[in-house]
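Structural description and commentary
Below are the chains, spelled out letter by letter.
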Amino acid sequence: MLNEIFSGKCPACSGAAAINAALCDECMSLLHPFNYFCGRCAFPLLWPGASCYRCKGKLSKRITNIYALYHYDKVVRNMILQMKFHYHIRLKYTLKQLIFLPNFITKYDGIVTVPSHFLRHFVRFYHPADILAEYAAYKLNIPILHNLKRVRYTKFQSHILRADRKENVKKAFYCKKFKSHIKNILLVDDILTTGATINECVNELYTAGAGRIDVLVFAK
Ligand SMILES: [Zn+2]
Ligand SMILES: [Zn+2]
């Protein structure tokens, strides 16, 4: 285990990396934080003037703001896949070094993480979304709320066709009613792709009494 943390191996490409570095220099240079945002809704864009995923109506109107830290490209994909499907303590360390918080314009009453299925906890040692949520909860000094549960086993979204993803997560979550002072929620997940999972969770949070819902993801 210690070997894994302290080996000079890059957790994204397995190339050589400095012992305490998050990633090797090349992967680090390929990692793109977002610099451009939609002029209408502030959704992160890959390049200036790119068509906005959110304004195209693919995401729930109940989401007020979405914050994404990095582009979901090769380096991030490799990192997250390694982390989800293998025991990789070095990746936890890496992820912690790469996380930062955007300038939130709202104060939140609590953080909710998109839950991984309990069965998956046996095969997956770290849920990357939990690491991001713990960091945000600590920095913002707000609680992590465990109201949202996965109630049905679903296939991994990454293993099925985009068109079927909405059906796959339908009624997969249940959210226990929030206490009356809980209004503003920050919903955290690792990756945003089609938005099917996020939309489903947002509907549940809304039904459970959430007022404003913003979303924070590591990559999109
Ligand atoms: Zn690398
Ligand atoms: Zn937009």
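The coordinates are above.
Because the structure is a prediction, the values reported are computed rather than measured. (Residues numbered from 1 in each chain as written. Chains lettered and ligands numbered in written order. Predicted model: local features only at pLDDT ≥ 70, side-chain atom pairs only at ≥ 80, totals over all residues. Heavy atoms only, no water.)

1. Some thoughts on the coordination of the zinc ion (ligand 1)
Those protein atoms acting as donors to the zinc ion (ligand 1) are C10 (SG), C13 (SG), C24 (SG) and C27 (SG), and they sit at 2.3 to 2.4 Å. Between the donor residues of the zinc ion (ligand 1), the gaps in sequence give the motif C-x2-C-x10-C-x2-C. Accessibility assignment for this pair places C24 and C27 in one class, buried. (Donors = N, O, S within 2.8 Å, 3.2 Å for Na, K, Ca; no water. Buried < 20%, exposed > 50% of the residue type's maximum accessible area, 1.4 Å probe, protein only.)

2. Side note on the pairing of strand 4 (residues 110-113)
Residues G110 and V112 point to one face of strand 4 and I111 and T113 to the other, with burial holding for every one of them. Summarising the sheet, strand 4 and strand 7 (residues 185-191) pair through 4 bridges and their orientation is parallel. The residue of strand 7 that forms the bridge with V112 is L187. (Helix = DSSP H or I, 4+ residues; strand = E, 2+ residues; numbered from the N terminus. Pairing = 2+ DSSP bridges.)

3. Remarks on helix 8 (residues 196-207)
Across its 12 residues, helix 8 extends 17 Å between first and last C-alpha, which sits within 8% of the 16 Å expected from 1.5 Å per residue. Counting buried positions along helix 8 gives 9 out of 12 residues, so the element sits mostly inside the fold. At the C-terminal side of helix 8, G209 shows a positive phi close to 110°. (Expected span 1.5 Å × (residues − 1).)

4. A few points about the sheet that holds strand 3 (residues 63-70)
The strand order across the open sheet built from 4 strands is 3-8-7-4, with neighbouring strands paired in parallel fashion. Two strands bound the open sheet, and with one partner strand each, they are strand 3 and strand 4. Pairs of neighbouring strands in the sheet enclose a mean axial angle of 25°, with direction left out of account. Most of the contacts of helix 8 go to strand 7, to which it runs at about 160°, and overall it touches strand 3, strand 4, strand 7 and strand 8 (213-219). (Axes fitted to C-alpha atoms, helices over the stretch in contact; angles between N-to-C directions. Contact = heavy atoms within 4.5 Å.)

5. Describing the pairing of strand 3
Here strand 3 lies mainly inside the structure; 7 of its 8 residues are buried. With 6 bridges connecting them, strand 3 and strand 8 associate as parallel partners. Within the sheet, the bridge partner assigned to N65 lies in strand 8 and is D214.

6. Some words on unusual backbone geometry
For residues besides glycine, phi is generally negative; the peptide bonds are generally trans as well. Its identity is not glycine, yet N141 carries a phi of approximately 55°, on the positive side. Position of N141 relative to the elements: it lies in the loop between helix 6 (128-140) and strand 5 (148-150). A residue is classified by how much of its surface remains accessible, and N141, at 69% relative accessible area, is exposed. Despite not being glycine, K171 has its phi angle at roughly 55°, a positive value. Structurally, K171 is set in the loop between helix 7 (165-169) and strand 6 (173-175).

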